Structure formats: structure tokens, C-alpha cells
Amino acid sequence: MSTHTESNTVAHDIVDTAVAAGSFTTLVAAVTAAGLGETLKGAGPFTVFAPTDEAFAKLPAGTVENLLKPENKDTLVSILTYHVVPGKVLSSDIAGKALQVKTVQGAEVAIDATNGVTVGGATVVTADIEATNGVIHVIDAVIMPPPAA
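Now for a description of the structure that goes with this document.

Conventions adopted
Residues numbered from 1 in each chain as written. Predicted model: local features only at pLDDT ≥ 70, side-chain atom pairs only at ≥ 80, totals over all residues. Heavy atoms only, no water. Buried < 20%, exposed > 50% of the residue type's maximum accessible area, 1.4 Å probe, protein only. Helix = DSSP H or I, 4+ residues; strand = E, 2+ residues; numbered from the N terminus. Pairing = 2+ DSSP bridges. Axes fitted to C-alpha atoms, helices over the stretch in contact; angles between N-to-C directions. Parallel < 35°, antiparallel > 145°, perpendicular 65-115°, else oblique. Left-handed = near helix turned anticlockwise from the far one by under 90°. Contact = heavy atoms within 4.5 Å. Nonpolar A, V, L, I, M, F, W, Y, C, P; charged D, E, K, R; others polar.

What follows deals with the pairing of strand β1 (residues 46-51). Here is the key point about a regular strand: its side chains alternate between the two faces of the sheet. For β1, the tally of buried residues reaches 6 of 6 residues, placing the bulk of the element in the interior. Where burial is concerned, the two faces of β1 agree: the one with Phe 46, Val 48 and Ala 50 and the one with Thr 47, Phe 49 and Pro 51 are both buried. Pairing geometry for β1 and strand β2 (residues 84-86), over 3 bridges, is antiparallel. Across the sheet, the residue bridging to Phe 46 is Pro 86, located in β2. Bridge analysis of β1 against strand β7 (residues 134-139) gives 6 bridges, and the strand direction is parallel. Bridging from a neighbouring strand, Ala 50 pairs with Val 138 of β7.

Turning next to unusual backbone geometry. That bond from Gly 44 to Pro 45 is cis: its omega, 0 degrees, falls within 30 degrees of zero. You can see Pro 45 is positioned in the loop between α3 (37-40) and β1. We note that Asp 128 has phi near 60 degrees; this positive angle belongs to a residue other than glycine. In this fold, Asp 128 is placed in strand β6 (residues 122-131).

One can describe the packing of helix α2 (residues 25-33) onto helix α6 (residues 73-81) by two numbers: an axis separation of 9 Å at closest approach and a directional angle of 125 degrees. Between α2 and α6, the crossing angle belongs to the class labelled oblique. Both α2 and α6 take part in a crossing whose hand is left-handed. Contact residues: α2 offers Leu 27, Ala 30, Val 31 and Ala 33, while α6 offers Lys 73, Leu 76 and Leu 80. Taken together, the residues that form the contact of α2 with α6 break down as 6 nonpolar, no polar and 1 charged.

What follows is the structure, given as C-alpha cells:
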């Protein structure tokens with residue numbers, strides 16, 4: 001990625017960018033518990049729809065604590081990878097479109113950028129936070145993958 005044409009220099013990968021932002025402590029803890037930290041520090045590129053700490057707080061009481069237990073790692077991995085799309089998708093790439101996009105988890109998520117941007121029903125509150133290995137879009141809710149068939 002060339003940085004000479006960009007107004008800001010991107011210095012951190014997705015995980016370090018999320019850590020530095022300070023509003024994703026629950027997401028970072030979940031990524032760590034799921035063993036996905038190294039993956040999301042990898043080459044990518046990845047597009048991550050990142051729920052804020054407030055988004056995790058909207059889940060029913062005890063949900064996050066339950067998901068962080070080792071015996072629920074597979075479920076946690078499924079939920080987290082449902083928030084990741086392969087490739088770097090900027091808001092300008094999808095403006096005015098409504099589409100289904102395959103996630104790293106395997107299921108498709110609905111993205112609607114015809115009036116603001118929603119992802120699986122969650123609203124993108126901040127778009128296009130660039131990282132060295134992709135982009136983060138901040139969402140206001142945790143999106144759940146469809147039940148396994």
C-alpha cells in the first residue's frame with residue numbers, strides 16, 4: 001500500500017488500531033480469547049465491522065462473559081469472523097448499493113449503503129478507519145451469524 005498519496009500515514013494493523021482507539025476493549029478481549037489476534041495482524045487485507053464497547057453492552061446480561069469462556073470458543077470465533085469480510089472495502093466502494101457479502105465466517109451478511117450504511121442491521125457510525133492490513137468500520141451493535149443449517 002502506498003502512503004505517499006494519502007493525507008495520513010497508516011501505521012498500525014487492525015488489532016493495534018482497535019487497541020489505540022480505546023473504545024473496543026471488549027472486541028479486543030474477544031479477539032484475543034478466540035485466538036484471532038494473529039490472524040487479524042496478518043497480511044489481510046480485511047474489512048472489519050467493529051462493534052464498540054457500548055454495542056457489546058447492549059447484549060443480554062452475561063452474554064459476553066459466557067462467550068469468553070474457553071468452552072464457547074467456537075461460538076465466539078463464529079460471531080467474530082461474521083464481522084470480517086475478506087479484502088479492503090471502503091465506504092466509497094459500496095455507496096448507493098445494497099448487497100450480500102460473504103464473511104470470513106462463511107455466511108453472507110446484508111450491507112445496505114443506500115441511506116447511510118447498515119451491516120446485518122447494525123448502523124455504521126464511523127467508516128473507513130484505515131489500517132496497514134485493511135479497514136475498520138465502527139458499528140453500533142454486535143451482529144449475529146445465521147444459525148448453522
